Each structure stands twice: as C-alpha cells, then as structure tokens.
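# Structural features, examined
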Amino acid sequence: MKTNIVSWLQEGNITVPAVLFSEYRNMNLNEYELVLLLNIITFLDKGNDFPTPEELSSRMTITVSECNDILRRLIQKGFIEIIDEYSQEGIRFEKYSVQPLWERLVEQFLMKNKQSQEVSKKADESDLYTCFEKEFGRPLSPFECESLAMWMDDDHHDPIIIKAALRESVMSGKLNFRYIDRILFEWKKNGIKTIEQAKNHGRKFRQKQTPNRPAQDTQASSSNSVPFYNWLEQ
C-alpha cells in the first residue's frame, strides 16, 4: 500500500496558466475538451508524445469513440496539431503539439486587452464630452463635436490633455474651441504629453503676459510675427 501511494505521489504536477480556466469558455471550449487537453499536456510532460484514445479516455468519463471525436474537433478548431518528428536514428514518429493552444490563449488575452482599452477609451470620450458641455453650459454643436473627435482621432491628443486645454482656456477667460485648438497645437509642437508638462507650460505663459494690453492700432501696424495666443485676445 505504501509503495502504491508513493508511486501515486511521484506522478508529479503539471503547470498550466490559470487564465486557461477562466478563459476556456470564451475560447469556445467545453469542459470535456478542456480536460482532454489537460490530459494530453500531462502525457506530453511524462514523455508520452502521442497517447492513444484508449489511454486518454481511460482517464475520463468518455468512451474511446467519444475521445476520437473530441480529438478530431480540437484539431479542426486549431487547439492541437499532430506533427512529424524524427528520432536520433532517423525514424519518423508523430506527436501531439499544444503550441496552437498557447497561441490561441495569447490571442484571447490580446483581444480582451484591446476590448478593455476600447471600453476605457469610449468612457474617456464620453466623459470628455460631458466636461465640455458642463463648462460651456450647453450641448455641443455638431461642429464642436466634430472638432473634439478630430483632436482625438486625427491629432491623437489624449482626452486627459484635451481636458487640460479646456481648463487652460477657462483660466485664461477664453472659452472657445478656436482658443483650445491653438493651445493643443502649441502643446503638441512643444512635445507636451502630460498634465504636469501642460501645467508648467501654462504657468510660464501667464507669467510672460503683461498687465497692459497694446493698443489696437499699435497691433495693427506691428509685423506679422504676433506673439502666440495674442491674436486670440483681440
């Protein structure tokens, strides 16, 4: 009895990513297919590269015929494959490969990560529209909505940076889309990509502003090289 228990314990363990158990259903696998895959992995780990349907089904509550059907289905669905290899003596033999399973698991992870990012992006965009409407005190016009979309999609501005530009326009008393667009243009030109960089740039700009604005006629006669933002203050 003791010898049998020791032999049982010496069967060892297999290492399987926990995410396989949480994602197998989303990968269109059922419980029978999952357990069969785990048994194939176990046999491979012990050096049996091509377990027979009889060996596999003996560990499960399925018949040999059902095991054959599941194996065929797993191959068709691209979770396992049968590959040819050669021994040191040059003898060809077949073996199961679960490489496709790990590749599908990686694809599942990347897809979920992409979906999560898209959901987060939509939430940020929705929050961005809400912030603008709250500051403007009214619903945005179609043109303004198009401008917001352009800043995100065409100019690739992060919603957080756009919110910072909105706050900058409020602090400057110039709450309009043209002014915000110029702020974003200036920030992009200067490589500003974080909130802290935007705050520092805005602080430096306001420090440079003189308390007295030049007269209108003086501005009209000055050269075309107008200090940044000044044209928006007219």
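For the structure itself, consult the block above.
The structure displayed is predicted, hence computed values, not measured ones.

## A word on unusual backbone geometry
In the Ramachandran plot, Asn-28 falls in the positive-phi region, its phi being about 70° despite a non-glycine side chain. Structurally, the position occupied by Asn-28 is in the loop between helix H2 (18–23) and helix H3 (31–45). In this structure, His-156 is a non-glycine residue whose phi angle is positive, near 60°. The residue His-156 is located in the loop between helix H7 (142–153) and helix H8 (159–171) in this model.

## Quick word on the nonpolar core
Leu-36, Ile-40, Leu-71, Leu-74, Ile-80 and Leu-101 are the most contacted members of the largest nonpolar core, which has 26 residues in total. Among the secondary structure elements, those contributing two or more residues to this core are H3, helix H5 (64–76) and helix H6 (99–136). Sort the elements by how many residues they give to this core and H3 lands first, with eight residues. Excluding anything up to four places from it in sequence, Leu-36 contacts Leu-56, Met-60, Cys-67, Ile-70, Leu-71 and Leu-74.

## Examining the pairing of strand E1 (residues 81–86)
Pairing of E1 with strand E2 (residues 92–97), which is carried by six bridges, proceeds in the antiparallel orientation. By the bridge assignment, Ile-83 is partnered in E2 with Lys-95. Count of turn residues in the E1/E2 antiparallel hairpin: five residues, of which Gly-90 carries a positive phi of about 85°.

## Description of the pattern of salt bridges
For the coordinates displayed, the defined rule picks out eight salt bridges. Across the pair Glu-23 and Lys-112 runs a salt bridge, and its minimum N-O distance is 3.0 Å. Pair noted here: Glu-23 is in helix H2 and Lys-112 is in helix H6, with a separation of 89 residues, a long-range link. A relative accessible area of 8% places Glu-23 in the buried class. A relative accessible area of 39% means that Lys-112 is categorised as partly exposed. The partner of Asp-69 in a salt bridge is Arg-72, with the nearest N and O atoms 2.9 Å apart.

The rules behind the values
- Residues numbered from 1 in each chain as written.
- Predicted model: local features only at pLDDT ≥ 70, side-chain atom pairs only at ≥ 80, totals over all residues.
- Heavy atoms only, no water.
- Helix = DSSP H or I, 4+ residues; strand = E, 2+ residues; numbered from the N terminus.
- Core = buried A, V, L, I, M, F, W, Y, C linked by side-chain atoms within 4.5 Å.
- Buried < 20%, exposed > 50% of the residue type's maximum accessible area, 1.4 Å probe, protein only.
- Contact = heavy atoms within 4.5 Å.
- Pairing = 2+ DSSP bridges.
- Salt bridge = Lys/Arg side-chain N within 4 Å of Asp/Glu carboxyl O.

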